Each structure stands twice: as C-alpha cells, then as structure tokens.
Amino acid sequence: RVMSSPWCRCLETARLAFGPPEVWTALSNLFDRQQNRTEQVGQMQAFIGGLRRSGIVVLVSHGSTISALTGINPEPAEMVVATPQGGTKFTVAGRLAVR
C-alpha cells in the first residue's frame with residue numbers, strides 16, 4: 001500500500017518509486033501551515049499506530065510533516081521507518097538514506 005501527500009512532488013515520487021499512490025491529505029506539507037499540525041499529526045499517529053506489524057505501508061510526505069510526527073528532520077530522499085505499537089503509538093525503527 002502506498003499513500004502520498006496530494007502535493008505533486010510527493011505524488012510523482014510515490015508513483016515513480018512504488019506505484020500508484022492513494023492520496024491522503026494528512027500527509028500534506030506543514031511548512032508555513034502549523035495551524036494544521038495537531039489534526040494531521042493525530043491522524044498519522046492513529047493510522048501508523050493501528051497498522052498490523054506484518055506487511056509494508058509506504059507514506060510519501062514532506063520533511064516538515066515527518067519532523068512534526070517523529071521529531072526527525074530527514075534529509076532529501078531519506079526514509080524514516082516506523083513500527084506500529086498499537087493505538088496511536090509507534091517507534092522509529094531506523095532511517096534509510098539514498099546514496
């Protein structure tokens with residue numbers, strides 16, 4: 001399953017790297033849009049925390065959004081890997097950088 005921010009750069013990245021994405025507005029850029037932070041982070045926490053531990057879900061988003069969710073400021077093209085823990089909880093399992 002591939003989900004993407006509706007912004008064109010994310011949609012293109014998702015499509016080229018993983019296949020056709022589902023658009024999810026909770027993944028939208030939070031840069032200069034902090035009024036949306038609480039709602040979007042809450043939606044992402046509930047989604048990620050509630051995933052089953054088997055299988056892979058790819059979320060394509062923006063640095064500001066990933067930072068708000070995880071506290072990590074990813075480099076361009078870097079991936080943050082999360083493991084669901086149930087409810088709204090997850091742990092950051094690691095980071096993958098494209099070299």
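Here, every reference points to the structure presented above.
To keep things clear, this report deals only with the structure shown in the data block.

Scanning the chain from terminus to terminus reveals three helices and five strands. Secondary structure of the chain in N-to-C order comes out as β-α-β-α-β-α-β-β. Here the C-alpha atoms of the chain give a radius of gyration of 13 Å, agreeing with the 13 Å that 2.2 N^0.38 yields for 99 residues. Considered along the principal axes of its C-alpha atoms, the chain spans approximately 30 × 30 × 25 Å. The long-range share in the chain, meaning contacts at least 24 apart out of those at least 6 apart in sequence, stands at 43%. Entry remark: accessible area of the chain is about 6,300 Å², with carbon and sulfur atoms responsible for 53%. Here the chain contributes 10 positively and 6 negatively charged side chains, and the mean placements of these two sets differ by 8 Å.

This part covers the environment of alanine 14. Structurally, alanine 14 is set in helix α1 (residues 8-18). The exposure class of alanine 14 is buried, given its relative accessible area of 0%. Remark: the alpha-carbon pair of alanine 14 and serine 4, spanning ten residues in sequence, is separated by 6.6 Å. Those residues within four positions of alanine 14 in sequence are excluded, and the remaining contacts are Val2, Ser4, Gly19, Pro21 and Val60.

Attention now goes to a nonpolar patch on the surface. A surface patch of nonpolar side chains, amounting to about 430 Å² of accessible area, comprises Phe18, Met79, Val81, Leu96 and Val98. Along the chain, phenylalanine 18 falls in helix α1.

Turning to the side chain of glutamine 40, a few remarks are in order. By the secondary structure assignment, glutamine 40 is in helix α2 (residues 37-49). For glutamine 40, a relative accessible area of 6% puts it in the buried group.

Bridge analysis of strand β4 (residues 79-86) against strand β5 (residues 89-96) gives seven bridges, and the strand direction is antiparallel. Among the inter-strand pairings, threonine 83 is bridged to a residue of β5, identified as threonine 91. With antiparallel pairing between neighbouring strands as the criterion, β4 and β5 make up a hairpin whose turn holds two residues, including glycine 87 at a positive phi of roughly 60°.

Cut-offs applied
Think of each chain on its own: its residues are numbered from 1, step by step along the sequence as written. The predicted nature of this model means local features are confined to residues of pLDDT at least 70 and side-chain atom pairs, given and counted, to a pLDDT of 80 or more, with totals for whole chains, interfaces and linings taken over all residues. Hydrogens and water molecules were not included; the side-chain quantities draw on all heavy atoms of the structure. For the purposes of this entry, the term helix denotes a DSSP run of H or I that reaches at least four residues, the term strand denotes a run of E that reaches at least two, and both are numbered from the N terminus. Only C-alpha atoms enter the radius of gyration, while the globule expectation follows 2.2 Å times N to the 0.38, with N the number of residues. Whether two residues touch is decided by their heavy atoms; if any such pair falls within 4.5 Å, the residues are in contact. All accessible areas in this document rest on Shrake-Rupley with a 1.4 Å probe, and a residue is counted as covered only by the protein chains that are shown. Positive charges come from Lys and Arg, negative ones from Asp and Glu, while His and the chain ends are left out of the count. In plain terms, the charge of a residue is placed at NZ if it is Lys, CZ if Arg, CG if Asp and CD if Glu. The rule is simple: take the accessible area with a 1.4 Å probe, protein chains only, and divide by the maximum for that residue type; under 20% is buried, over 50% is exposed, in between is partly exposed. Residues forming no salt bridge and having over 30% relative accessible area are the ones grouped into patches, like charges within 9 Å of each other and nonpolar side chains (Val, Leu, Ile, Met, Phe, Trp, Tyr) within 5 Å. Here, a salt bridge means any side-chain nitrogen of Lys or Arg that lies within 4 Å of a carboxyl oxygen of Asp or Glu. DSSP-based pairing: two strands are paired if at least 2 bridges between them are found.

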